[in-house]
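A structural walkthrough
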Amino acid sequence: MNRDAAEKPVDDLTREEAAAELERLAREIAHHDRLYYQQDAPEVSDAEYDALRARNAAIEARFPDLIRADSPSLRVGAAPAEAFGKVRHARPMLSLDNAFDDGGVRDFVGRVRRFLRLGEDEPVVLAAEPKIDGLSVSLRYEDGVFVQGATRGDGYEGEDVTANLRTLQDLPPRLHGPAPAVLEVRGEVYMRRDEFLALNERRAAEGAPPFANPRNAAAGSLRQLDSRVTARRPLRLFVYALGEVSAPVAASHGELLQRLHQWGFHVNPLAEVCRDLDAVLALYHRLLDQRADLPYDIDGVVYKVDRFDWQERLGQVSRAPRWAIAHKFPAEQAQTIVESIGVHVGRTGTLTPVANLRPVTVGGVVVQRATLHNEAYIAEKDIRVGDTVVVQRAGDVIPQVVRVVPEKRPAGAAPYAFPTVCPVCGAHAVRPEDEAARRCTGGLTCEAQVLERLQHFASRDAFDIEGLSEKTVAFLWREGFIRGPADLFRLREENARRLQRLENYKGWGKRSTDKLLDAIDARRRIALDRFIYALGIRQVGQATAKLLAHHYGSLMHLRARMDAAQDREGEAWQELTSIEGIGPSVAGDILDFFAEEHNQRTLDDLESVLEAVEPAAAPAAAGSPLAGKTIVFTGEMERMTRAEAKARAEALGAKVTGSVSRNTDYVVVGAAPGSKARKARELGVTVLEEADWLALLA
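The text that follows walks through the structure, step by step, so that each part is easy to find. (Residues numbered from 1 in each chain as written. Predicted model: local features only at pLDDT ≥ 70, side-chain atom pairs only at ≥ 80, totals over all residues. Heavy atoms only, no water.)

Points about the overall build of the chain
Going by this rule: Helix numbers and strand numbers start at the N terminus; a helix is a DSSP run of H or I with at least 4 residues, a strand a run of E with at least 2. Note on classification: 1.4 Å probe, protein chains only; a residue is buried when its accessible area is under 20% of the maximum for its type, exposed when over 50%, partly exposed between these limits. A contact between two residues is defined here by any heavy atoms of the two lying within 4.5 Å. Exposure was quantified through the Shrake-Rupley algorithm and a 1.4 Å probe, taking into account, for residues, occlusion by the shown protein chains and nothing else.
The helix and strand tally for the chain stands at 25 helices and 26 strands. In terms of overall dimensions, the chain has C-alpha extents of about 85 × 70 × 65 Å along its principal axes. Expressed as a percentage of its 698 residues, the buried residues of the chain come to 49%. Intrachain contacts of the chain at a sequence separation of at least 6 include 69% that bridge at least 24 residues. Counting only carbon and sulfur atoms, one obtains 50% of the accessible surface of the chain, whose full area is about 32900 Å².

Here it is in structure tokens:
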């Protein structure tokens, strides 16, 4: 761009000159933003800076189709969006396992050593960073330009908040220096305490309710449909990890943090690479002491195996990586009074006691209710109405009553008598001898259980239907629109048949009704693991649902095998209990669910209105010779541990089981393989020596 064009009036610019001028202005304004916001060393006056932005805005107004992805104007926000779109993460955004004391960290390092079969003298170098209490996000750059941002969501699919993220001054719209063609960076959006307090003061002056804490303020600000609101909020960003990349960028986490800083990101200055366990724990206790003096909230320290090649070998289990752990700070506590004890009935009939408390602030949040877990917990701690108790809250964990302060017990406080009938339906509530919980025997005749199951069915980690909150489900149930989960998918038909009855309710206009019905229709095709989790089977969480979906592949096959497995001496039972992570207790609850006649009718009903499909294979499994194969490992392996071998197989799409059957594709044998190798040969199953297995991996 020549100097004459840069000084031309906007009205005189040609289209080509306007495009080049917008590129120049984007770079120049980004340069000044970096100097001002990151280095506190501005080169130009406010008037000169404002003139650059004004020229940029004027050119964009004349040539709106030339607005760039890294345009400075996008940092001030845009008009409200109808709703957030969904973004499927190319690589899952995993959660972390937790350690709550030094011993838990030592156990973590020990597990890493055993998995990788490391000698005691070989150091396990860990990268340690403060665990920011904010909202996790993913940032995608293509050819060095920011093109898309998303929330973590359920780890596999998040919300598209690109427009809101563009307003953050800490986020570089264009990377500084060469970078891979595709670079996905992960980080945490947060709010400083001083800026949070100032925001709440402004809200109070405007008559708006205050935010409970900086994390809630950050999350609420980033999820505004009007990004102009986000632009007015003091949001900040630390980055700390990679997602999808088209080319390697570093050999270790420590090197990655340096690269991220060079590209223009903010990385936490308190991050350290620790050579041994003593250094890691020393950093943790130092940060614990400094916690109150930091300008932002942290709730622990995250440790990651520094070497990326070791991270790759360690892989993940369920929803968490084996190569990282969060060392949480001790829970914050406070004293208050138990004003009453209520009982909540869950979807499986469990009666959970809840303490209604005199409001108290714990960790910056006003707490009025706390779980008492179960009948045995109340009896063990002798919790009574009127007692002064110690309550604690750690991160987002539900507040709980830790202990009673006996010297403050009022005279006449009587022991709590746990109900022996359901407080909702009046059915008997029984407590099996080997269990701590008491359960309602009313089953699906109990309104609380039916409603809880429906709410679970629509929840974020299950069908994740946009706009279908617990409150909305309760309304639809109360007004008779739904009685079972399949009824959700008939709402459009029912609404038309009842002459728009739903639209006549307060707050339910045609627009809001149509949006909900569209969101429900969008979930008529759903991943099998989400479908299984949504059923609310006792002891079947997301991890077990994924195991079942991965192993059986289709709902039809799963139902057929569960029917066959009712014979608990037969092959189908052996197949179910041989799945890694599913033991006899969990298998029993699964079979009980599929055997119940009402559940069978519910499944038939659901199959008539939607389709549950096998989850898409992970990128590493696409085209893998192991995808869909059933593998059994036996004997002691020399080149890698059994745990690593299983992890590698699962990452490549294989199903790992613990017993050999005619459905087994490969039995991989190490030293002293035992009876499984003999059975494989008897059944004609392919047996692989360790060298053959490694060749297959390669």
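Regarding the sheet that holds strand E23 (residues 630-634)
In plain terms, the rule: For two strands to pair, DSSP has to find at least two bridges joining them. Comment: axis = line fitted to C-alpha atoms, over the contacting stretch for helices; angle = value between 0 and 180 degrees taken between N-to-C directions.
With parallel pairing, the 4 strands of this open sheet are ordered in space as E24-E23-E25-E26. Taken across any chain shown, the strands that pair with only one partner, and hence form the sheet edges, are strand E24 (655-657) and strand E26 (686-689). Strand-to-strand twist of the sheet, defined as the mean angle between neighbouring strand axes without regard to direction, takes the value 30°. Here 3 bridges tie E23 to E24, and the two strands are oriented parallel to one another. The partner of Thr630 across the bridge, within E24, is Lys655.

Observations concerning the state of the cysteines
What counts here: Any two cysteine sulfur atoms lying within 2.5 Å of each other are counted as a disulfide.
Inspection of the entire model under this criterion finds 0 disulfides. Here Cys446 is not cross-linked by a disulfide; its sulfur's nearest cysteine counterpart is in Cys425, at 3.8 Å. Classification of Cys446 as buried rests on a relative accessible area of 0%.

Structural notes on the pairing of strand E3 (residues 126-132)
Taken across its 7 residues, E3 has 6 buried, putting it largely inside the fold. As judged from the 3 bridges shared by E3 and strand E9 (residues 272-274), these two strands associate in the antiparallel manner. Residue Leu126 lies in a different strand from E9, and its bridge partner there is Cys274. Note: E3 against strand E10 (residues 298-305), 6 bridges, orientation antiparallel.

Side note on the pairing of E26
To keep things clear, this is the line we draw: Orient the strands so they point away from the viewer, and a crossover whose first-strand-to-second-strand path over the helix runs clockwise is right-handed.
Inspection of the sheet shows strand E25 (residues 666-669) paired to E26 by 4 bridges, in the parallel sense. Bridge assignment links Val667 to a residue of E26, and that residue is Val687. What joins E25 to E26 is helix H24 (residues 675-683), and the crossover it makes is right-handed.

What about the packing of aromatic side chains?
Note the threshold: Stacked, edge-to-face and tilted are the three classes for Phe, Tyr and Trp ring pairs, Trp counted by its six-membered ring, which pair at centre distances within 6.5 Å; planes under 30 degrees apart are stacked, over 60 edge-to-face, the rest tilted.
As enumerated under the stated definition, the model contains 12 aromatic pairs in all. Aromatic side chains Tyr141 and Phe265 sit 5.6 Å apart centroid to centroid with 90° between the ring planes, which places their arrangement in the edge-to-face category. Taken together, the positions of Tyr141 in strand E4 (residues 135-142) and Phe265 in the loop between helix H9 (253-262) and E9 put the pair 124 residues apart, joining distant regions of the chain. When the ring of Tyr284 is compared with that of Phe329, the centres are 5.4 Å apart and the planes differ by 45°; the resulting orientation is tilted. Placement of Tyr284 in helix H10 (residues 277-290) and of Phe329 in the loop between strand E13 (324-328) and strand E14 (332-345) is noted, with a sequence separation of 45 residues between them. Of the residues examined, Tyr284 reaches a relative accessible area of 4% and is grouped as buried. Grouped by ring-pair contacts, the aromatic residues Phe457, Phe463, Phe489 and Phe531 constitute a single cluster.

Observations concerning the pattern of salt bridges
Selection criterion: We define a salt bridge as a contact between a side-chain nitrogen of Lys or Arg and a carboxyl oxygen of Asp or Glu at a distance within 4 Å.
Taken as a whole and judged by the stated rule, the model has 48 salt bridges. For Glu332, the salt bridge is made with Arg291, and the minimal N-O distance between the two is 3.7 Å. Of the two residues, Glu332 is situated in strand E14 and Arg291 in the loop between H10 and E10; the sequence distance between them amounts to 41 residues. Here Asp521 ties to Arg524 by a salt bridge, and the two come within 3.0 Å at their closest N and O atoms. On the accessibility criterion, Arg524 (28% relative accessible area) is partly exposed.

What about helix H14 (residues 470-478)?
Among the residues of H14, those classed as buried are Thr472, Val473, Ala474, Phe475, Leu476 and Trp477. Phi turns positive one or two residues past the end of H14, at Gly480, with a value near 85°.

Notes on the nonpolar core
The nonpolar side chains of a soluble globular protein tend to be buried, and buried together. Worth spelling out the cut-off: Residue types Ala, Val, Leu, Ile, Met, Phe, Trp, Tyr and Cys, when buried and joined through side-chain atoms within 4.5 Å, form a set referred to as a nonpolar core.
In this structure, Phe463, Leu476, Phe531 and Leu576 are the most contacted members of the largest nonpolar core, which totals 59 residues. With 6 residues, the top contributor of residues to this core is helix H21 (residues 584-595). Those residues within four positions of Leu576 in sequence are excluded, and the remaining contacts are Leu548, Tyr552, Met562, Ile582, Ala587 and Leu591. Listed in part, the 34 residues of the second largest apolar core include Leu139, Leu165, Val185 and Phe196.

Here we look at unusual backbone geometry
Most peptide bonds adopt trans geometry, and most residues besides glycine take a negative phi value. Within the chain, Arg117 stands out as a residue other than glycine whose phi angle is a positive 55°. With respect to the helices and strands, the residue Arg117 is situated in the loop between helix H4 (102-116) and E3. You can call Arg117 partly exposed: its relative accessible area is 36%. Phi at Asp143 takes a positive value of approximately 55°, unusual for a residue other than glycine. Here Asp143 shows up in the loop between E4 and strand E5 (145-151).

Some words on the packing of helix H19 (residues 555-564) against H21
Short version of the rule: Oblique is the label for any angle not under 35 degrees, not over 145, and not in the 65 to 115 range, which are roughly parallel, roughly antiparallel and roughly perpendicular in turn. In this classification, the charged set is Asp, Glu, Lys and Arg, the nonpolar set is Ala, Val, Leu, Ile, Met, Phe, Trp, Tyr, Cys and Pro, and all remaining amino acids, among them Gly, are polar.
Contact geometry for H19 and H21: axes closest at 9 Å, N-to-C directions at 105°. What the angle tells us is that H19 and H21 run roughly perpendicular. In this structure, H19 contributes Leu558, Arg559 and Met562 to the contact, and H21 contributes Ile590, Leu591 and Phe594. Of the residues belonging to the contact of H19 with H21, the class tally is 5 nonpolar, no polar and 1 charged.

Side note on the sheet that holds E5
One open sheet holds the 4 strands; their spatial order is E5-E4-E7-E8, and the pairing between them is antiparallel. The open sheet has two edge strands, E5 and strand E8 (236-245), and neither has a second partner. Recorded for the sheet is a direction-independent mean angle of 30° between the axes of neighbouring strands. Bridge count for strand E7 (residues 182-190) against E8 is 7 bridges, and the pairing is antiparallel. Its bridge partner being in E8, Arg186 is matched across the sheet by Ala241. Against the sheet, H9 engages E7 and E8, with an angle of about 115° to E8.

Structural notes on the packing of H21 against helix H22 (residues 597-607)
The contact between H21 and H22 brings their axes to 5 Å, and the two run at 75°. The pairing of H21 with H22 is recorded here as roughly perpendicular in orientation. Taking contact as the criterion, the partners of Phe593, Phe594 and Ala595 in H21 are, on H22, Glu597, Asn599, Gln600 and Leu603. Partitioned by chemical class, the residues of the contact of H21 with H22 number 4 nonpolar, 2 polar and 1 charged.

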